[in-house]
Amino acid sequence: QQQVKQSPQSLIVQKGGISIINCAYENTAFDYFPWYQQFPGKGPALLIAIRPDVSEKKEGRFTISFNKSAKQFSLHIMDSQPGDSATYFCAALNTGNQFYFGTGTSLTVIP
Amino acid sequence: NAGVTQTPKFQVLKTGQSMTLQCAQDMNHNSMYWYRQDPGMGLRLIYYSASEGTTDKGEVPNGYNVSRLNKREFSLRLESAAPSQTSVYFCASRERQGRANTGELFFGEGSRLTVL
């Protein structure tokens, strides 16, 4: 059973467009929600993260929107660039020190 | 600064063979993790170690064993490899940031294992 559900599986966006990736969870014990970016042949690396007491967090072109009541959170990439082409994973951390990851979204930004 | 180092990077095994994946981190982190990554399945937790001397099962522990050798090293062993264990394996480490339960996961570059 997937603890964190992520969509879409793949996404193609024109350069300069907005990329949006969505995640949903059921377990209310989760209290930390990071997004990871992975390039081919590399390990995932932290992109941005949010705690559930905040509804939005922005770092440069990357924004997390968090809806605690709906148990959903999303990543928005503004002004998407070809260098943003990668696989993105949402994740959730429970109080027991376990991270659960979504299934990933392959983003392609077309020049 | 090496971060998280995994060895080997590539390995081919025959069904029934055993092997150990090694992981070491130089960031003095307390927690270490082993994940497997399969297409369409994301990253799934195999085992983790919250601190030196402790290990716990994750989502998919069957067919694996782990050893937290010391604070730096956390190894993953396949006793009798099966084709279903063909995957990319990632080791990660983390230091919990105080009472807020935040703290970034740092990943190694992965070990690609093929079981024939």
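Everything here concerns the structure above.
Here is a short report on the structure shown in this document.

Rules behind the numbers
- Each chain has its residues counted from 1, following the order in which its sequence is written.
- Numbering of ligands from 1 and lettering of chains from A proceed in the order in which they are written.
- Only residues with pLDDT of at least 70 are given local features in this predicted model, and only at 80 or more are side-chain atom pairs given and counted; all residues enter the totals for whole chains, interfaces and linings.
- Each side-chain value is worked out from all heavy atoms of the structure, with water and hydrogens disregarded.
- Cavities and pockets are found on a 1 Å grid laid over the protein atoms alone: a cavity is a set of points where a 1.4 Å probe fits but cannot escape, a pocket is an open set with protein on both sides within 12 Å along at least five of seven lines, and a lining residue has an atom within 4 Å of such a point.
- Grid points are joined across faces, edges and corners, and a volume is the space filled by probe spheres set on the points.
- Secondary structure elements follow DSSP: runs of H or I of four or more residues count as helices, runs of E of two or more count as strands, with numbering from the N terminus.
- Three classes are used, and their members are as follows: Ala, Val, Leu, Ile, Met, Phe, Trp, Tyr, Cys and Pro are nonpolar, Asp, Glu, Lys and Arg are charged, and the others, Gly among them, are polar.
- Pairing between strands requires that DSSP locate at least two bridges from one strand to the other.
- In this analysis, axes come from line fits to C-alpha atoms, helices being fitted only over the stretch in contact, and the angle between any two N-to-C directions falls in the range 0 to 180 degrees.
- Here a pair means two rings of Phe, Tyr or Trp (six-membered ring of Trp) with centres within 6.5 Å. Their orientation is stacked below 30 degrees between planes, edge-to-face above 60, and tilted elsewhere.
- A simple rule labels every residue: compare its accessible area, found with a 1.4 Å probe on the protein chains alone, to the largest value its type can have, and call it buried under 20%, exposed over 50%, or partly exposed in between.
- The definition of a polar contact used here is a pair of N or O atoms within 3.5 Å, where within protein one atom must be able to donate a hydrogen and the other to accept one, and adjacent residues in sequence count solely through side-chain atom pairs.
- Throughout, a residue-residue contact means that at least one pair of heavy atoms, one from each residue, lies within 4.5 Å.

**Topic: the layout of surface pockets**
- Roughly 670 Å³ of internal volume is contained in the largest pocket.
- If you list the elements that add at least two residues to the lining of the largest pocket, you get β9 (86-93) and β11 (105-110) of chain A together with β4 (31-38), β9 (87-94) and β11 (111-115) of chain B.
- In terms of residue class, the lining of the largest pocket is built from nine nonpolar, 15 polar and five charged.

**Regarding the sheet that holds strand β3 (residues 19-25) of chain B**
Residue and element names in this part refer to chain B.
- Pairing is antiparallel across the open sheet formed by four strands, whose spatial order is β1-β3-β8-β7. What marks the edges here is a single partner per strand, and that holds for β1 (4-7) and β7 (64-68). Ignoring strand direction, the axes of neighbouring strands in this sheet form an average angle of 15 degrees.
- Bridging between β7 and strand β8 (residues 74-78) involves five bridges; their strand directions are antiparallel. Directly across from V66, in β8, lies its bridge partner L76.

**Re the sheet that holds strand β3 (residues 19-25) of chain A**
All names here are of chain A.
- Taken together, the five strands give an open sheet; going across it, the order is β1-β3-β8-β7-β6, and neighbouring strands pair in antiparallel fashion. Two strands bound the open sheet, and with one partner strand each, they are β1 (4-7) and β6 (56-59). Between one strand and the next, the sheet's axes are offset by a mean angle of 15 degrees, whatever the strand orientation.

**Concerning the packing of aromatic side chains**
- One pass over the structure, following the stated rule, counts 20 aromatic pairs over all chains.
- Ring centres of F30 of chain A and Y100 of chain A lie 5.7 Å apart, and the angle between their planes is 50 degrees; this geometry places the pair in the tilted category. Residue F30 of chain A is found in the loop between β3 and β4 (33-38), and its partner Y100 of chain A is found in strand β10 (residues 99-101); the two are separated by 70 residues along the sequence. The two residues F30 of chain A and Y100 of chain A agree in class, both being buried.
- Through a chain of ring-to-ring contacts, three or more aromatic side chains come together here, namely Y36, F89, F99 and F101 of chain A together with Y33, Y35, Y48, F90 and F107 of chain B.

**Some remarks on the side chain of S74 of chain A**
Residues and elements named next belong to chain A.
- Take S74: it is sitting in strand β8 (residues 72-77).
- A distance of 3.2 Å separates a polar atom in the side chain of S74 from a polar atom in the side chain of H76.
- Ignoring anything within four residues of it in the chain, the contact list for S74 reads I21, N22, W35, T63, I64 and S65.

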